[in-house]
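In case you want the letters, here they are:
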Amino acid sequence: MDRASDYESEGQRFAEGVDPAERLTMDGKHWDEHWMGLALEEAARAAQAGEVPVGAVVVLDGRLLAGGHNASIAHHDPTAHAEIVALRAAAQEAGNYRLTGATLYATIEPCAMCCGAALHARIARLVYGADDAKAGAVRSLHRLLDDPRLNHRVEVTAGVRAEECGARLSDFFRAKRPGGGSP
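Just so it is clear, the structure is predicted and the values come from calculations on it, not from any experiment.

## Digging into the layout of surface pockets
- Here the largest pocket defines a volume of roughly 510 Å³.
- Along the wall of the largest pocket there are 24 residues; nearest its centre are Val52, Val54, Ile108, Asp132 and Leu169.
- For the lining of the largest pocket, the secondary-structure elements that each account for two or more residues are helix H4 (72-75), helix H5 (82-94) and helix H7 (162-176).
- The element that contributes the greatest number of residues to the lining of the largest pocket is H7, accounting for four residues.
- Tallied by class, the residues present in the lining of the largest pocket amount to 13 nonpolar, five polar and six charged.
- Roughly 170 Å³ of volume is contained in the second largest pocket.

Here's what the structure looks like:
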């Protein structure tokens with residue numbers, strides 16, 4: 001089976017890095033917005049599949065290792081959150097379950113399970129869009145990524161393209177309500 005089609009069937013995607021000339025002209029904030037845009041594309045794929053629209057990508061050394069979106073319904077798998085899907089694919093691409101130095105971009109604040117996976121993968125940094133008051137384990141409900149009792153910490157940047165990320169979820173759930181989104 002073709003590797004790319006195999007990953008796409010699992011809700012995972014691989015891509016090439018960005019044009020080297022472009023690397024010289026973008027600062028850190030713009031890079032975060034760029035990579036979050038790819039995570040938002042993954043979230044759109046989730047919505048098209050009838051999944052909660054959350055997307056994630058993993059980047060290492062300016063190169064996209066992998067991306068993924070929620071696939072819990074399609075895979076009958078409660079662990080198939082976007083972050084887990086992307087981390088699994090990135091580990092396969094890297095040939096190592098440790099993703100030291102990598103950045104995980106997620107459209108919403110990761111839950112406890114996804115934070116645990118990020119810690120075990122030893123990612124260096126997490127960038128996320130919207131806070132999740134109901135399940136967020138980065139700062140909303142818990143602070144798992146900077147817990148001093150753990151042997152690894154993750155640098156966190158929150159709020160990147162937060163309005164877009166939050167709107168994607170709000171629009172999805174509004175459309176699911178009886179009456180097609182009427183208040």
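What follows continues from the structure just given.
## Section: the side chain of His152
- Structurally, His152 can be placed in the loop between strand E5 (125-130) and strand E6 (155-158).
- Here the side chain of His152 touches Ile123 through a polar contact of 2.8 Å, landing on its backbone oxygen.
- What His152 contacts, discounting residues up to four positions off in sequence, is Leu119, Arg122, Ile123 and Leu145.

## Some remarks on the packing of aromatic side chains
- The full count for this structure, using the stated rule, is two aromatic pairs.
- Pairing Trp31 with Trp35 gives two aromatic rings, centres 5.7 Å apart and planes at 20°, and the pair type is stacked. With Trp31 and Trp35 both in helix H3 (residues 28-48) and four residues apart, the pair spans about one turn of that helix.
- Given a relative accessible area of 15%, Trp31 falls into the buried group.
- In this structure Trp35 comes out as buried when scored by relative accessible area, which is 3%.
- Summarising the aromatic geometry, the rings of Phe172 and Phe173 are spaced 5.2 Å apart at their centres and angled 80° between planes, so their arrangement reads as edge-to-face.
- The class of Phe172 is buried, set by a relative accessible area of 12%.

## Side note on the environment of Val85
- Examined against the element boundaries, Val85 turns out to sit in helix H5.
- Under the relative-accessibility criterion, Val85 is labelled buried at 4%.
- Considered as a pair, Val85 and Gly55 are 30 residues apart in the sequence and their alpha carbons are 9.4 Å apart.

## Description of the pattern of salt bridges
- Evaluation of the coordinates by the stated rule reveals eleven salt bridges.
- For Arg88, the salt bridge is made with Asp77, and the minimal N-O distance between the two is 3.9 Å. Of this pair, Arg88 sits in helix H5 while Asp77 sits in the loop between H4 and H5, and the two are eleven residues apart along the sequence.
- With a relative accessible area of 43%, Arg88 lands in the partly exposed category.
- Notably, a salt bridge pairs Arg149 with Asp147, separated by 2.6 Å at the nearest N-O pair.
- Note on Asp147: relative accessible area 10%, which makes it buried.
- Within the structure, one salt-bridge network assembled from shared partners comprises Asp32, Arg125 and Glu155.

## Some points on the confidence of the model for the protein
- The share of residues in the protein with pLDDT of 70 or more is 83%, and the mean pLDDT across the chain is 88.
- Every residue in residues 1-16 scores below 50 in pLDDT, and together they form 30 contacts with partners more than four places removed in sequence or on other chains.

## Digging into the side chain of Thr103
- Secondary-structure assignment places Thr103 in strand E4 (residues 103-108).
- The buried category is assigned to Thr103, whose relative accessible area is 11%.
- Apart from the residues lying within four places of it in its own chain, the contact partners of Thr103 are Val57, Val58, Val59, Arg125 and Val127.

## A few points about H5
- With 13 residues, H5 extends 18 Å from end C-alpha to end C-alpha; this agrees with the ideal 18 Å at 1.5 Å per step.
- Among all positions of H5, only Ala82, Glu83, Ile84, Val85, Ala86, Leu87, Ala89, Ala90 and Ala91 are buried.
- A positive phi of about 75° marks Gly95, the residue just after H5.

Calculation criteria
- Residues numbered from 1 in each chain as written.
- Predicted model: local features only at pLDDT ≥ 70, side-chain atom pairs only at ≥ 80, totals over all residues.
- Heavy atoms only, no water.
- 1 Å grid on protein atoms, 1.4 Å probe; cavity = no way out; pocket = protein on both sides within 12 Å on 5 of 7 lines; lining within 4 Å.
- Points joined across faces, edges and corners; volume = space filled by probe spheres on them.
- Helix = DSSP H or I, 4+ residues; strand = E, 2+ residues; numbered from the N terminus.
- Nonpolar A, V, L, I, M, F, W, Y, C, P; charged D, E, K, R; others polar.
- Polar contact = N/O pair within 3.5 Å; in protein donor to acceptor, adjacent residues only side chain to side chain.
- Contact = heavy atoms within 4.5 Å.
- Phe/Tyr/Trp six-rings, centres within 6.5 Å; stacked < 30°, edge-to-face > 60°.
- Buried < 20%, exposed > 50% of the residue type's maximum accessible area, 1.4 Å probe, protein only.
- Salt bridge = Lys/Arg side-chain N within 4 Å of Asp/Glu carboxyl O.
- pLDDT = per-residue confidence, 0-100.
- Expected span 1.5 Å × (residues − 1).

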